[in-house]
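Understanding the architecture of this molecule
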Amino acid sequence: MKNRFNIREVFSKIKTSGFKKIKRLKQAIASKVRFLKSLNEKKSSEKNIFMPFFRLKDVSIGIKLNVIVSIVLVVSLSVVILYSFGIVRNILVEQAKDGTLQVSKQTNSNMRMLLESMDQEATALSRNEQIADIISRLNSTDDATLQSRYSSQLRTMLTNYVDEKSNYFYTILAVSNNYLYSISGQQIISHQINIKEVDSIKSFVESTEYSKWYDPYVQDVLIHQDTTGLGGKVITLAKKVYSRTKLKSPGQLFFYINYENLGRIFNDLHLPYDGVMYVVGNDYNIVMNPSKKEHMSLAINDVSQEEKERNFYIDEEIFKKIKSEPSGAFTTKLYGKDVLITFSTIDKVNVTDLGWTFVTVTEVDKITESVNRVSAQVIIIGLICLALGILLSQLINKDITKNIKKLVKTMEKVGSGNLSIEFKVEERKDEIGKLSNSFAKMISNLNGLIMSVKHASDVTIDASSNVSAKIQETYASIQQTNAILDVIKEKSFQQGKIVKEGERQVALTKDEVNQAKDTMKDVDAILSKSKEISEDNRMSVSLLHEMSQNIRTAMNEIGAESKELIATSKEITKFTRQIKEISEQTKLIALNSAIESARLGAQGKTFHLLSEETRNLASKTKDLSGSIDQIIQNLIEKINNTNKVVLKLDKVAENTENSVKDVTESLDKNIEFLNEITSNVSRIKQVFTHIDDFVNQIVSTIEYISASAEANIQDISDVSKAMNEQIKCQESLLEQTTNLLNLSQELKKKAEEIS
């Protein structure tokens, strides 16, 4: 370890001192070379004067100023124009949005008022008591004559009502619950039509609704002499008929709306910017389009794409959006154009669902058309202002570049080596004047600097010669040091091989010790298991001894109980004998009773029967006593046999108890022996532990030696590399010194030429 640190310290000092010398020399060289580099850069810049203007630094200041002014003007005008007209466009769109939405809401309000008036008139007629009574009679009669008369009365009333309300309704159809009908005016329904199968009528009759608006549809009852002028298309309001005296409706009234009166709402409608308005229903269908009446009742999807684009019909996505709100306005894309859409919806007329939405569509380009015209005029004015700005910047640029060109010509003379010129400074207070003053001072300082450079060149030449000699001496010293390092490195390699062989032998020894330790662990486990088994056996034998004693105690108790049982059995035998004697006497008494009853004849018959029963009972008692006596005798015999077995078991238990004592003594000796073996094994394990610790110490020592050897080798390699780098540095330093010498000589010549 000491050798290792000494080697590193020695070569660290060598390396540090060498680098310090090189650093000082480089600083000296760098300080003397700066001026030569500046001269070389000036020469290279002179060669590039006539290169094309493909770089920004090659472009003249005048052009740069003109371009900058032009760019600033163009960007400023563009930003102002675009921002201003963007705001104006947004304002116009917002104004158009508010105005169009107000028109849409006003039209919506007018339509709502008209529809509510129609609904009120229809409700009043559906509550007419006379009409309800006539329809009820139609339901209650099957007489064709009466039905015709009631229908005629109903037609007259409906016709009169239509004449009064012709501005609301074209015609009214009354249908009873048994599908008898009557229609107002001169219109008639084709006999080919089964009124029960007409969808518009059947669906309302069978429904629970008492009022319903039908969106435009092709009338399906084939009314002749149709005067709607819409090719059979109608808008219908259906009402249930009610009377004050009945809860159930007797029939229905279908009011066919006067479309021309509805259309008048759009007559005075003038949307700004050529916008269009139409009404759509809940089923994405066209309810009204003042400019295309033939589209009424059509689904928008059934209209051709050309017609959709011409009439600006909304698509399904926009339809879903406007149906989610009662009213509103927004801009969006429709058929590739920016459009403004406003909408307002009539959800209900009084209490009847309707779902008509008034939609307006206006092209945004038409709204902002005036802004676009103004923006073109503003752009033209901006271009004129740009031209004037460029002309003004040209005049200012001419004043700036005039003095800069004069200054550049003087710099070119200085750059060619002529420092004896006189530079007259024009009196100016701007940056050009400050630049001219600074340039005059620079020429004066440059002359002084050249004299200093000549003196420094002489000093540098002498220093370079001395440094070259020192470098050669250092180079030779480094080569000698490298040779010594090679010898040390070879010795370290040999030491490393010996250490590795020792490390291998110690590893083998450690493996054998580990195997022996594992074997002792197995022996220890076996001994522990043997002790556990012996302890278990001892406990089992103790239990067996205890059980033997319990068996002997139980045998003694069984013998005592057997004796008592035999004595009790003998007492029972005495009782059975007495019972037998009693039964014999009872039998004699019964016999005497039978004899006496026989003497009495008929009077002693009952007593005779009783004597017979008594004699039978005495016989059974005698037999039973005999059986009990026999059982007692058998029991006594078995108890005697049991006593004999108990005596034998007592002897066996005594022998077992003696054997258990012998086994217990043997197990105690076995456990003492196992304890001695366990103690010896523990001592052996301690010995192996000491051996293992000793081997580990040896391994640690060898590893430390090996690591030290490797570290020494690595340090020697590092030092060797450092020496090689030192050699390279010395070679580079020698080359730089030579270059410095050449540059100093050239600098001296250049200074002499300039002066």
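Details of the structure are given in the entry above.
The structure reproduced in this document is the subject of the present report. What you see is a predicted model; the values in this text were computed from it and never measured.

Within a sheet, each strand pairs with its neighbour through backbone hydrogen bonds, oriented either parallel or antiparallel. One open sheet accounts for five strands, arranged E9-E8-E12-E11-E10; its pairing is antiparallel. The open sheet terminates on both sides in strands that have one partner only, identified here as strand E9 (286–288) and strand E10 (327–334). The mean angle between the axes of side-by-side strands here comes to 35°, regardless of whether they run parallel or antiparallel. With ten bridges connecting them, strand E11 (residues 337–349) and strand E12 (residues 352–363) associate as antiparallel partners. The residue of E12 that forms the bridge with isoleucine 341 is valine 361. Along the sheet, helix H8 (residues 316–323) makes contact with strand E8 (276–280), E10, E11 and E12, crossing E10 at roughly 165°.

Here we take up the side chain of aspartate 119. Among the structural elements, aspartate 119 can be located in helix H2 (residues 61–126). Polar side-chain contacts of aspartate 119 include one of 2.8 Å to the side chain of lysine 239. Non-local contacts of aspartate 119, meaning those with residues more than four positions away in its chain, are made with Ser211, Trp213, Leu237, Lys239, Val349, Asn350 and Thr352.

Our focus in this paragraph is the pairing of strand E1 (residues 169–176). In terms of residue burial, E1 counts as a mostly covered element, since eight of its eight residues are buried. Relative to strand E7 (residues 246–257), E1 runs antiparallel, the two being bridged by seven bridges. Opposite isoleucine 172, over in E7, you have phenylalanine 255 as the bridge partner. The pairing of E1 with strand E2 (residues 181–183) spans three bridges and is classified as antiparallel. Residue pairing in the sheet places alanine 174 in a bridge with serine 182 of E2. Between the antiparallel neighbours E1 and E2 lie four residues, among them tyrosine 179 with a positive phi of about 65°.

Turning to the sheet that holds E1, a few remarks are in order. In spatial order, the strands read E2-E1-E7-E6-E4; together these five strands make up an open sheet with antiparallel pairing. Because the sheet does not close on itself, it has two edges, and the strands there are E2 and strand E4 (211–218). Looking at each pair of strands side by side, their axes are set apart by 20° on average, direction ignored. Packing against the sheet, helix H4 (residues 144–164) makes contact with E1, E2 and E7, and its axis sits at approximately 155° to E1. Against the sheet, helix H5 (residues 199–206) touches E1, E4, strand E6 (233–243) and E7, its axis set at about 165° to E4.

Now for H8. Turning to H8, its buried residues are Ile318, Phe319 and Ile322. For H8, the angular spread of buried residues about the axis comes to 105°, placing them on one side. Projecting away from the buried face of H8 at angles above 90 degrees are the exposed residues Glu317 and Lys320. Its buried side turned inward, H8 meets E8, E10, E11 and E12.

A cluster of nonpolar side chains, Val67, Ile71, Val75, Val79, Tyr83, Ile87 and Ile91, forms an exposed patch at the surface whose accessible area comes to about 640 Å². When you line up the elements, isoleucine 87 lands in helix H2.

Attention now goes to the packing of aromatic side chains. Within this structure, the stated rule accounts for nine aromatic pairs. Geometrically, the ring pair formed by phenylalanine 169 and phenylalanine 255 is tilted, given 5.0 Å between the ring centres and 45° between the ring planes. Highlighted residues: phenylalanine 169 in strand E1 and phenylalanine 255 in strand E7, separated in sequence by 86 residues. Residues phenylalanine 169 and phenylalanine 255 agree in their burial class; the two are buried. When the centroid spacing of 5.1 Å and the interplanar angle of 80° are considered together, the rings of tyrosine 278 and tyrosine 313 count as edge-to-face. Separated by 35 residues along the polypeptide, tyrosine 278 in strand E8 and tyrosine 313 in the loop between helix H7 (305–311) and H8 bring together distant segments of the chain. By relative accessible area, which is 1% here, tyrosine 278 ends up buried.

Residue placement: arginine 577 occurs in helix H11 (residues 431–600). By relative accessible area, arginine 577 is classed as exposed at 52%. As for arginine 577 and serine 625, which are separated by 48 residues in sequence, their C-alpha atoms are 7.3 Å apart.

Next up on the list: unusual backbone geometry. Of note, aspartate 274 is a non-glycine position whose phi angle comes to about 55°, a positive value. You can see aspartate 274 is positioned in the loop between helix H6 (259–263) and E8. For aspartate 274, a relative accessible area of 62% corresponds to the exposed category. Residues other than glycine seldom take positive phi values, yet phenylalanine 312 does so here, at roughly 55°. Relative to the elements of secondary structure, phenylalanine 312 occurs in the loop between H7 and H8.

Along the chain, threonine 368 turns up in the loop between helix H9 (364–367) and helix H10 (369–415). Exposure remark for threonine 368: the relative accessible area of 0% places this residue in the buried category. As a C-alpha pair, threonine 368 and arginine 89 span 279 residues in sequence and 5.8 Å in three-dimensional space. Setting aside chain neighbours within four positions, we find threonine 368 in contact with Arg89 and Val93.

A separate point is the nonpolar core. Note that soluble globular proteins tend to have their nonpolar side chains buried in a common cluster. Among the nonpolar cores identified, the biggest contains 43 residues, and Met111, Leu115, Leu262, Met288 and Trp356 are the most heavily contacted of them. The greatest single-element share of this core, amounting to six residues, is contributed by H2. Counting 19 residues, the second-largest nonpolar core is a separate cluster that includes Tyr278, Tyr284, Phe330 and Ile341.

Our next topic: the pattern of salt bridges. Scanning all chains against the criterion turns up 13 salt bridges. Measuring nitrogen to oxygen at the nearest pair gives 2.6 Å for the salt bridge that ties glutamate 307 to arginine 310. One end of the pair, glutamate 307, and the other, arginine 310, are both in helix H7, three residues apart, so they sit about a helical turn from each other. According to the relative accessible area criterion, glutamate 307 is buried, its value standing at 17%. Arginine 310 gets classed as partly exposed once you look at its relative accessible area, which sits at 44%. Note that aspartate 353 is salt-bridged to lysine 348, the shortest N-O span being 2.4 Å. One continuous salt-bridge network, built from bridges that share partners, spans Asp274, Lys337, Glu363 and Lys366.

Cut-off values and rules
- Residues numbered from 1 in each chain as written.
- Predicted model: local features only at pLDDT ≥ 70, side-chain atom pairs only at ≥ 80, totals over all residues.
- Heavy atoms only, no water.
- Pairing = 2+ DSSP bridges.
- Helix = DSSP H or I, 4+ residues; strand = E, 2+ residues; numbered from the N terminus.
- Axes fitted to C-alpha atoms, helices over the stretch in contact; angles between N-to-C directions.
- Contact = heavy atoms within 4.5 Å.
- Polar contact = N/O pair within 3.5 Å; in protein donor to acceptor, adjacent residues only side chain to side chain.
- Buried < 20%, exposed > 50% of the residue type's maximum accessible area, 1.4 Å probe, protein only.
- Arc of directions from axis to C-beta.
- Patch = residues over 30% accessible without salt bridge, like charges linked within 9 Å, V, L, I, M, F, W, Y side chains within 5 Å.
- Areas by Shrake-Rupley, 256 points an atom, 1.4 Å probe, with all protein chains shown as cover.
- Salt bridge = Lys/Arg side-chain N within 4 Å of Asp/Glu carboxyl O.
- Phe/Tyr/Trp six-rings, centres within 6.5 Å; stacked < 30°, edge-to-face > 60°.
- Core = buried A, V, L, I, M, F, W, Y, C linked by side-chain atoms within 4.5 Å.

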